[in-house]
Protein chains: 2
Amino acid sequence: MRKEICIVGMGPGDITMMTKEAENALQDSDVIVGYTVYVDLVKKYFPEKEFLTTPMREEVKRCRLCFDLAKEGKNVALICSGDAGVYGMAAPMYELLPEYEGVSLRVVPGITAANSGAAVLGAPLNHDFCVISLSDLLTPWEQIEKRLRAAIAGDFAMAIYNPGSHTRKDYLKHACEIMLDEGADKNRACGYVRAIGREGTKAQVCTLEELKDREVDMFTTVFIGNSQSIMQDGKLVTKRGYQI
Amino acid sequence: MRKEICIVGMGPGDITMMTKEAENALQDSDVIVGYTVYVDLVKKYFPEKEFLTTPMREEVKRCRLCFDLAKEGKNVALICSGDAGVYGMAAPMYELLPEYEGVSLRVVPGITAANSGAAVLGAPLNHDFCVISLSDLLTPWEQIEKRLRAAIAGDFAMAIYNPGSHTRKDYLKHACEIMLDEGADKNRACGYVRAIGREGTKAQVCTLEELKDREVDMFTTVFIGNSQSIMQDGKLVTKRGYQI
């Protein structure tokens, strides 16, 4: 019998922001595999399940663990924060799939931080937008810089993931400087949200110039408006273009 | 008392792909407002609710209807397909908000077609990506072309919304030609999904050159890989960069 592994996007963390499809996939599994931090967020909702975790930077090991468990006959759910296909485990799972005959994959989408964070800030991504990660663990910085410049050249709104961490303190500042250098106005409307959909969510709007010196961490998602975006009563709004 | 209007992203249509938060917001409302086609998709889940609709191109009227109902004291939910903040009603609602004192807004995010379609195709957006609409109803085509060129220049993966309709039959072809002209390889891995999360979902992968001549409609979402994306057993995979 063919074994199917579900790669499940759990959304920001709270079960009310998970889809029923995701909840069912977790409920129907024998074992739930994930990154320690995310597993801790959902454990309480599935008290009778077996959970297995691997730490950060052991993503490929985590994927292989899922395939091994599936080969043993277990129903496996691999959870990812946000959406399984946005910087998630969907791609490495598909890359490994050809090695594991008799196993198939199903991706269950979830609410990614671009969308959950946008909801908190108002409507920052309500026109064409880019999603860019500032983490250079897996991507050369030159590529990230190229994308930031292209995003400004195309006048996209942006959601920026992994804007900083304790080892990458000045990455957001550097990204802002690149955007300014590429011609973005220093008063460009921006914003950021920390701990989206979790205890103590905090949202702020500011200009691109101000954003440069804001402290952000790996639980923060940053939003850059396009050239027409506005700040309005603490919200960030990127117009769709309707005649109001 | 301050009246709050909920702008709710319903996901692709099926209730299992809606979040609990979205379902609760609809359940707690007195009246649900939306575009006729989307209202028809959710009506069956909320048989006791009052529904009000406006047709396409009457989006601003739809928004004002929500504010008027809220002023009358009604609990209003405005539904959008996918996510409320991705080409949805969140932005025009915020733009109108200053005209309506005593009313506040809450955006409830949903699964947008970029993510639900990606799940069907495998992992097409598993690295930095852009979301671009080809509809020129509200955006000059020159702006759309500029963004397509920037997306190729930055080597983004892409989700393309509104790739065609009966009045815009050749828009996708034209977009593909722009991408090829900007230097995208004709064998670039692409794909598209029709009727995501609904009856008769259909997914296909193909090269950028092949995509040019595929017929798509307003219920189709198109995915363009980045230069490293691959087609694998009918799936489209954009690698995150892990050492496999």
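Below: a short report on this structure. Predicted, not measured: the structure shown is a model, and the values here were computed from it.

## Quick notes on the interface of chain A and chain B
Between chain A and chain B, the residue contacts involve 66 residues of the former and 66 residues of the latter. When the buried surface of chain A facing chain B is broken down by residue, Arg147, Tyr242 and Ile244 of chain A rank first, second and third, together holding 13% of it. Across the contact surface, chain A and chain B share two salt bridges. Measuring nitrogen to oxygen at the nearest pair gives 2.8 Å for the salt bridge that ties Arg147 of chain A to Asp128 of chain B. The interface formed by chain A and chain B includes 30 residue pairs in polar contact (both at pLDDT 80 or more). The biggest single contributor to the side of chain A that touches chain B is helix H4 (residues 90–96) of chain A, with six residues. Here the residues of the side of chain A that touches chain B sort into 32 nonpolar, 20 polar and 14 charged.

## Focus on the sheet that holds strand E2 (residues 31–35) of chain A
Residue and element names in this part refer to chain A. The five strands are arranged E3-E2-E4-E1-E5 in an open sheet whose pairing can be described as parallel. Unpaired on one side and paired on the other, strand E3 (50–54) and strand E5 (103–108) mark the two borders of the sheet. Pairwise comparison of adjacent strand axes, ignoring direction, gives a mean angle of 25° for this sheet. In terms of strand pairing, E2 meets strand E4 (residues 76–80) through three bridges, oriented parallel. Looking at the pairing, Val33 lines up with Leu78 of E4.

Cut-off values and rules
Residues numbered from 1 in each chain as written. Chains lettered and ligands numbered in written order. Predicted model: local features only at pLDDT ≥ 70, side-chain atom pairs only at ≥ 80, totals over all residues. Heavy atoms only, no water. Contact = heavy atoms within 4.5 Å. Buried area = accessible area lost by both parts, 1.4 Å probe. Salt bridge = Lys/Arg side-chain N within 4 Å of Asp/Glu carboxyl O. Polar contact = N/O pair within 3.5 Å; in protein donor to acceptor, adjacent residues only side chain to side chain. Helix = DSSP H or I, 4+ residues; strand = E, 2+ residues; numbered from the N terminus. Nonpolar A, V, L, I, M, F, W, Y, C, P; charged D, E, K, R; others polar. Pairing = 2+ DSSP bridges. Axes fitted to C-alpha atoms, helices over the stretch in contact; angles between N-to-C directions.

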